[in-house]
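Close look at the chain arrangement
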Amino acid sequence: QVQLVESGGGLVQAGGSLDLSCEASGRTSNDYTMAWFRQTPGKEREFVAAVRRTGGGRHYVDSASGRFTILRDTAVNTLLLQMSSLKPEDTAVYYCAAGAVLSVQASDYDTWGQGTQVTVSS
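The structure contained in this document is the topic of the report that follows. Small disclaimer: the values here were computed from a predicted structure and weren't measured.

**Quick word on the packing of aromatic side chains**
Overall, the coordinates contain five aromatic pairs when judged by the stated rule. Ring centres of Phe37 and Phe47 lie 5.6 Å apart, and the angle between their planes is 80°; this geometry places the pair in the edge-to-face category. Residue Phe37 is located in strand 4 (residues 33–39), and its partner Phe47 is located in strand 5 (residues 46–51); the two are separated by ten residues in the primary sequence. Neither residue differs from the other here; Phe37 and Phe47 are each classed as buried. Of the aromatic side chains, those joined through ring pairs into one cluster are Phe37, Phe47, Tyr95, Tyr109 and Trp112.

Encoded structure:
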């Protein structure tokens with residue numbers, strides 16, 4: 001019943017910043033743990049960051065720690081991913097996900113957005 005729509009992707013130079021948004025709608029959407037994953041062709045979907053509805057329990061992939069920040073604005077059911085010091089290896093399709101528990105495994109999430117492309121050029 002939860003629907004997710006990502007936005008904010010685009011082309012950015014290495015070292016630059018980019019903010020992604022995920023708008024959630026539908027019944028019980030504010031009861032979900034939400035997360036960001038990313039995927040490149042031929043690779044498994046990779047966990048990036050997650051946060052519980054309360055805003056606590058934040059987790060980040062090691063490569064994103066210190067550069068990315070995940071925020072959840074429960075008032076408007078919006079999830080944000082603030083990215084800075086971007087590197088070419090951050091290039092991927094970024095997906096917003098929702099699930100019942102905090103997890104780094106993509107299979108533990110029930111609902112996914114369609115993704116937004118982030119391309120970091122050198």
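**Some remarks on the side chain of Thr111**
Of note, Thr111 is situated in strand 10 (residues 111–112). Among all residues touching Thr111, those that are not within four sequence positions of it are Val2, Leu4, Cys96, Ala97 and Ala98.

**Considering the nonpolar core**
Judged by nonpolar contacts, the single largest core of 33 residues is most densely connected at Trp36, Leu81, Met83 and Tyr94. For this core, the secondary-structure elements that each account for two or more residues are strand 3 (18–25), strand 4, strand 5, strand 7 (68–73), strand 8 (78–83), strand 9 (92–99) and strand 11 (116–121). Leaving out residues up to four positions away in the same chain, Met83 has contacts with Gly16, Ser17, Leu18, Asp19, Leu20, Arg67, Phe68, Tyr94 and Val118.

**Regarding the pairing of strand 9**
Among the eight residues that make up strand 9, seven are buried, leaving the element largely enclosed by the rest of the structure. Here strand 4 pairs with strand 9 via seven bridges, running antiparallel. From the neighbouring strand, Phe37 faces strand 9, where its bridge partner is Tyr95. Note: strand 9 against strand 11, three bridges, orientation antiparallel. Counterpart to Ala92 in the pairing with strand 11 is Val118. Here two bridges tie strand 9 to strand 10, and the two strands are oriented antiparallel to one another. Paired with Ala98 across the bridge in strand 10 is Thr111.

**Quick notes on the environment of Gln3**
For Gln3, the position within the fold is in strand 1 (residues 3–7). Owing to a relative accessible area of 53%, Gln3 belongs among the exposed residues under this scheme. Residues Gln3 and Asp62, spaced 59 residues apart in sequence, show a C-alpha to C-alpha distance of 28 Å. Setting aside residues no more than four positions away along its own chain, Gln3 makes contact with Glu23, Ala24 and Ser25.

**Regarding the side chain of Thr78**
Mapped onto the elements of the fold, Thr78 is located in strand 8. Here Thr78 falls in the buried class, since its relative accessible area comes to 14%. Side-chain polar atoms of Thr78 contact the backbone oxygen of Val76, separated by 3.1 Å. Apart from residues lying up to four places away in sequence, Thr78 is in contact with Cys22, Glu23, Leu71, Arg72 and Asp73.

**Topic: the state of the cysteines**
Here the structure, examined in full by the defined rule, presents one disulfide. Each sulfur of the disulfide joining Cys22 and Cys96 lies 2.1 Å from the other. Taking the sign of the S-S torsion, -80° for the link of Cys22 and Cys96, the bridge is left-handed. Of this pair, Cys22 sits in strand 3 while Cys96 sits in strand 9, placing them 74 residues apart in sequence. A single burial state applies to Cys22 and to Cys96, both of which are buried.

Cut-offs used in this document
- Here the residue numbers are simple positions, counted from 1 along each chain's written sequence.
- Local features are withheld for residues below a pLDDT of 70 in this predicted model, meaning they are given only at 70 or higher, and side-chain atom pairs are given and counted only at 80 or more; totals for whole chains, interfaces and linings count all residues.
- Working from all heavy atoms in the structure, the side-chain values ignore hydrogens and water.
- Note on aromatic contacts: the rings of Phe and Tyr and the six-membered ring of Trp form a pair at centre separations within 6.5 Å, being stacked when their planes are under 30 degrees apart, edge-to-face when over 60 apart, and tilted otherwise.
- A run of DSSP states H or I qualifies as a helix once it reaches four residues; a run of E qualifies as a strand once it reaches two. Both are numbered from the N-terminal end.
- Relative accessible area decides the class of each residue, using a 1.4 Å probe on protein chains only: under 20% of the type maximum gives buried, over 50% gives exposed, and in between gives partly exposed.
- We call two residues in contact when some of their heavy atoms are within 4.5 Å.
- Nonpolar core, defined: a set of buried Ala, Val, Leu, Ile, Met, Phe, Trp, Tyr and Cys residues in which side-chain atoms within 4.5 Å join the residues together.
- Pairing between strands requires that DSSP locate at least two bridges from one strand to the other.
- We call two N or O atoms a polar contact when they sit within 3.5 Å, provided that within protein one can donate a hydrogen and the other can accept it, with sequence-adjacent residues counted only if both atoms are side-chain atoms.
- Any two cysteine sulfur atoms lying within 2.5 Å of each other are counted as a disulfide.

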